[in-house]
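Working through the structure, step by step
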Amino acid sequence: FFLVMMTIPLFSLTALAADNSAVLDSLHFDIALQEDGSARITETRKIVFDGDREFTRYGVNNIFTGPRVFSDWQVSIDGTPVPQLAEPDNENRPENTFAVEDGDGENTVYIYYRQQGSGTRIFQISYRVENAVKLYADVGEFFWNLTAETGISGIGTLTATLTVPAGSPSEEFRIWAHGPLNGTFENQPDGSAALQVDNVTLGTIVDIRSILPADCFTGGWE
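Rules of the game
- Residues numbered from 1 in each chain as written.
- Predicted model: local features only at pLDDT ≥ 70, side-chain atom pairs only at ≥ 80, totals over all residues.
- Heavy atoms only, no water.
- Pairing = 2+ DSSP bridges.
- Helix = DSSP H or I, 4+ residues; strand = E, 2+ residues; numbered from the N terminus.
- Axes fitted to C-alpha atoms, helices over the stretch in contact; angles between N-to-C directions.
- Buried < 20%, exposed > 50% of the residue type's maximum accessible area, 1.4 Å probe, protein only.
- Salt bridge = Lys/Arg side-chain N within 4 Å of Asp/Glu carboxyl O.

Remarks on the sheet that holds strand S7 (residues 106-116)
Strand order in the open sheet formed by three strands is S3-S7-S6, with antiparallel pairing between adjacent strands. If you trace the sheet from one side to the other, it starts and ends with strand S3 (54-63) and strand S6 (97-103), each paired once. Averaged over all neighbouring strand pairs, the angle between strand axes comes to 20 degrees, with direction disregarded. Pairing of S3 with S7, which is carried by nine bridges, proceeds in the antiparallel orientation. Looking at the pairing, Val60 lines up with Val109 of S7.

In structure tokens, the structure reads:
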């Protein structure tokens, strides 16, 4: 049995996951905007398994628009980095490896592992996104979808930390979040922003948006 991606952003769902045999206990994003308009993003997923099923694959799908380019992929399982395959091997699923499959306006990260029975696993995915910031005449805008229309389960706790280039004027760092009304997205004293939403139900979309003056960036998607 396995967790497998649907063609919808970010998460996967199978009939096996629907019976709560695999639950996304927490999801955290560390997002660092760079002066050149790129972003370094790290996603950390804590999945709790319950029962005697065997899981061998976890897929994470990104759907995007514009001239964005993903690179510098890194994946770890329970804190241990795993090597990247030249291409996906969804038939053999070699344990403790990962692969990235690129498509037209999307990519899918396949993580191959083995989980038999109950337990907790931490999957961490890091990557760089070129042209993450959209540049207008007056502002640079960053928008990111943290969830999707489907997943392996609801999310117990969804958190995100957004940092901006050094020297960015904090009084002009504007942020928004869309999703459940029980969450918070707040500017922090150090110039970053922090989001937290608890008990995100399956199918609920949460996204964040921020703007800074355009001259905070030397590049981006114009």
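A word on the sheet that holds strand S9 (residues 134-135)
Pairing in this open sheet of four strands is antiparallel, and the strands run S9-S10-S15-S12 from one edge to the other. The sheet is open, and its two edges are formed by S9 and strand S12 (174-178), each paired on a single side. Strand direction decides the pairing type here: S9 and strand S10 (residues 139-145), joined by two bridges, are antiparallel. Counted as the bridge partner of Leu135 is Gly140 from S10.

Quick look at the pairing of S10
Burial analysis of S10 places five of its seven residues in the buried class, the great majority of the element. Linking S9 back to S10 in an antiparallel pair, the connection comprises three residues. Sheet topology note: the S10/strand S15 (residues 207-213) ladder contains seven bridges and is antiparallel. Bridge pairing in S15 links Phe143 to Arg209.

Brief notes about the pattern of salt bridges
Applying the stated criterion to the full structure yields eight salt bridges. For Arg128, the salt bridge identified is with Asp36, shortest N-O distance 3.2 Å. Residue Arg128 is located in strand S8 (residues 119-130), and its partner Asp36 is located in the loop between strand S1 (22-33) and strand S2 (39-49); the two are separated by 92 residues in the primary sequence. Relative accessible area serves as the criterion here: at 23%, Arg128 is assigned to the partly exposed category. Residue Glu43 pairs with Arg45 through a salt bridge whose shortest N-O separation is 2.6 Å. Considered together, Glu43 and Arg45 belong to a single accessibility category, that of buried residues.

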